[in-house]
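Secondary and tertiary structure notes
Spelled out from the first residue to the last, the chains are:
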Amino acid sequence: MSENKIFFADAADPEMSKAYKKAQETFKYFWREQSWEYRRIIPALSVSCVKVAFSQEDPSSDSPIVEHMWINDIHFDGDLIKGYLINKPNKLTNVEVGDYVEIPVNEISDWLFAMPQRAKKNERTFKTVFIFFRVSSSESLWRIYDPENAFGYVSGGKKST
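Here the structure is a predicted model, which is why all the values come from computation and not from measurement.

With that settled, consider the overall build of the protein chain. On a plain count of helices and strands, the protein chain comes out with two helices and ten strands. Along the protein chain, helices and strands appear, N-terminal first, in the series α-α-β-β-β-β-β-β-β-β-β-β. The buried share among the 161 residues of the protein chain stands at 35%. The long-range fraction of contacts in the protein chain, counting pairs at least 24 apart against all pairs at least 6 apart in sequence, stands at 44%. If you sum the accessible surface of the protein chain, you get close to 10500 Å²; carbon and sulfur atoms cover 51% of it.

Written out as structure tokens, the structure reads:
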């Protein structure tokens, strides 16, 4: 399996703030699909995750260390989103893979789900979920589900106006 790259973003970037807000506003669509998934006899989703900001104080800086990572096995009680951390932190030492998390909707930074689609008999392909964020004024990152790099990003595309 290939190693996942880490992308850094400025917390003060207004485009990122818009993306976080959009994820929070549209979480109801994620949860609708996820709640249906729990009732299905034959699962339809190949992956479903919510991205959460984790932080801890940094003794060498005035700013905390913040990492946005994915949780899965998602449940929602109307107030809190609950799940388990599936990413290994890069710098944080106060959380680890498998930790149980409960957070309010206004603290998520992203969500995704993907559905496998039949291409040919006994062959599966995956579709692009959506554009994640801009890297520069002319380039975007597209989030895809890729069996070799399940939470990878593919650079490409032009910024839509």
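Don't stop here, the text continues.
A few words on the nonpolar core. Grouped together as the largest cluster of nonpolar side chains are 22 residues, with contacts concentrated most on Phe27, Val50, Phe54, Ile71, Ile81 and Ile108. For this core, the elements supplying multiple residues, two or more each, are helix H2 (27–39), strand S1 (47–56), strand S2 (65–76), strand S3 (80–85), strand S4 (100–104) and strand S5 (108–114). The biggest single contributor to this core is S2, with four residues. When residues no more than four places from it in sequence are discounted, the contact partners of Ile71 are Ser48, Cys49, Val50, Val52, Phe54, Ile81, Lys82, Gly83, Tyr84, Leu85, Ile86 and Val101.

The next subject is the pattern of salt bridges. In the structure shown here, the tally under the stated rule is four salt bridges. A salt bridge links Lys18 to Glu15, with the nearest nitrogen and oxygen atoms 3.9 Å apart. In this pair, Lys18 and Glu15 both sit in helix H1 (residues 14–25), three residues apart, roughly one turn of the helix. Between Asp77 and Lys82 there is a salt bridge, with the nearest N and O atoms lying 3.2 Å from each other. According to the relative accessible area criterion, Asp77 is partly exposed, its value standing at 44%.

In space, the five strands of this open sheet follow the order S4-S3-S2-S1-S5, with antiparallel pairing throughout. Because the sheet does not close on itself, it has two edges, and the strands there are S4 and S5. Averaged over all neighbouring strand pairs, the angle between strand axes comes to 40 degrees, with direction disregarded. As judged from the seven bridges shared by S1 and S2, these two strands associate in the antiparallel manner. The residue bridging Val50 from the neighbouring strand is Ile71, located in S2. Against the sheet, H1 makes contact with S2 and S5, and its axis sits at roughly 60 degrees relative to S5, the strand it touches most. Across the sheet, H2 lies against S1, S2, S3 and S5, angled at about 40 degrees from S2, the strand it touches most.

As a further point, take H1. Given a rise of 1.5 Å per residue, twelve residues ought to cover 16 Å, and the 16 Å separating the end C-alpha atoms of H1 matches this to within 8%. Of the residues making up H1, those classed as buried are Met16, Tyr20, Ala23 and Gln24. The buried residues of H1 occupy an angular sector of 100 degrees when the element is viewed end-on, so they sit on one face. Facing away from the buried side of H1 by over 90 degrees, the exposed positions are Pro14, Lys18 and Lys22.

Rules used in this analysis
- Residues numbered from 1 in each chain as written.
- Predicted model: local features only at pLDDT ≥ 70, side-chain atom pairs only at ≥ 80, totals over all residues.
- Heavy atoms only, no water.
- Helix = DSSP H or I, 4+ residues; strand = E, 2+ residues; numbered from the N terminus.
- Buried < 20%, exposed > 50% of the residue type's maximum accessible area, 1.4 Å probe, protein only.
- Contact = heavy atoms within 4.5 Å.
- Areas by Shrake-Rupley, 256 points an atom, 1.4 Å probe, with all protein chains shown as cover.
- Core = buried A, V, L, I, M, F, W, Y, C linked by side-chain atoms within 4.5 Å.
- Salt bridge = Lys/Arg side-chain N within 4 Å of Asp/Glu carboxyl O.
- Pairing = 2+ DSSP bridges.
- Axes fitted to C-alpha atoms, helices over the stretch in contact; angles between N-to-C directions.
- Expected span 1.5 Å × (residues − 1).
- Arc of directions from axis to C-beta.

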